[in-house]
Amino acid sequence: QKRATGDLFAVKALRKRDLMYKNMMDQVVAERDALIAAANPFTIKLYYSFTSARHVYLVTEYANGGDLYSLLTQLGRLSEEHARQYCAEIALALEYVHSKGITHRDLKPGNCLIASDGHIKLADFGSCRGIYSKQPYTEYISTRWYRAPECLLTDGYYGYKMDLWGAGCVLFEIISLFPLFPGN
């Protein structure tokens, strides 16, 4: 909470030692850059990023409605109107993100936050890549229930369309209350 104004913020604190050990410093920079580039009403807003001796911090807007996964778990089935609204907002977020050359690569209900005004905010760009970044991609991507077939069936050659697959899986889960592909 900002003392002067009372505004609330979310702070993502990442230990530098863990990032170095996992060779993920580039991903943190990519996440920061993606949040800056993708600033629009349907993505979480990055206010600040800074480092200390031990941590990297990303300060974003606080979405006090929680995430879509928790909402579905608590409320169960959403009304058709809310389902339509959330799916449209996810589509608008992806359209804008893709227009900025960014592939989210981990679209799932847990990464769709709900702001105080009830609108969806796409968050957690920690797995993102630029649409034109060099392929093949060999690192971990996407949560298995929302992973597009091209991620499983190719040698790392896939693009922004995997986000559209993930959006379809999220839509299915909003309507049915269970994942489309809940394999183990």
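Bear in mind that the values here come from a model prediction, so they are computed numbers and not experimental data. (Residues numbered from 1 in each chain as written. Predicted model: local features only at pLDDT ≥ 70, side-chain atom pairs only at ≥ 80, totals over all residues. Heavy atoms only, no water.)

## Remarks on the sheet that holds strand β3 (residues 55-61)
For clarity, the threshold we go by: At least two DSSP bridges between two strands are required for those strands to pair. The helix and strand labels rest on DSSP assignments: H or I over at least four residues marks a helix, E over at least two residues marks a strand, and numbering proceeds from the N terminus. The convention used is that axes are lines fitted to C-alpha atoms, helices contributing only their stretch in contact, and that angles between N-to-C directions extend from 0 to 180 degrees. Contacts are assigned to residue pairs with any non-hydrogen atoms lying within 4.5 Å of each other.
As summarised here, the arrangement of the 3 strands in space is β1-β3-β2, forming an open sheet in which the pairing is antiparallel. The sheet terminates laterally at β1 (9-15) and β2 (46-51), the two strands that pair on one side only. When strand polarity is set aside, the average angle formed by the axes of neighbouring strands in this sheet is 15°. Running at roughly 20° to β3, helix α2 (residues 25-37) makes contact with β1, β2 and β3 of the sheet.

## Quick notes on the packing of aromatic side chains
Defined as follows: What counts as a ring pair is set by centres within 6.5 Å for rings of Phe, Tyr and Trp (its six-membered ring), and what kind of pair is set by the plane angle: stacked under 30 degrees, edge-to-face over 60, tilted for all other angles. Think of it in three bands: residues with accessible area under 20% of the maximum for their type are buried, residues over 50% are exposed, and the middle band is partly exposed, with areas taken using a 1.4 Å probe on protein chains only.
As enumerated under the stated definition, the model contains 5 aromatic pairs in all. Taken together, a centroid distance of 6.4 Å and an interplanar angle of 55° make the contact between Phe 9 and Tyr 48 tilted. Of this pair, Phe 9 sits in strand β1 while Tyr 48 is found in strand β2, placing the two residues 39 residues apart along the sequence. With relative accessibility at 44%, the residue Tyr 48 sits in the partly exposed group. For the ring pair Tyr 47 and Tyr 48, a centre distance of 6.4 Å and an interplane angle of 40° mean the geometry is tilted. According to the relative accessible area criterion, Tyr 47 is partly exposed, its value standing at 36%. A connected cluster of aromatic rings, assembled from ring pairs, spans Phe 9, Tyr 47 and Tyr 48.

Functional significance is not addressed by these values, which are geometric in nature.
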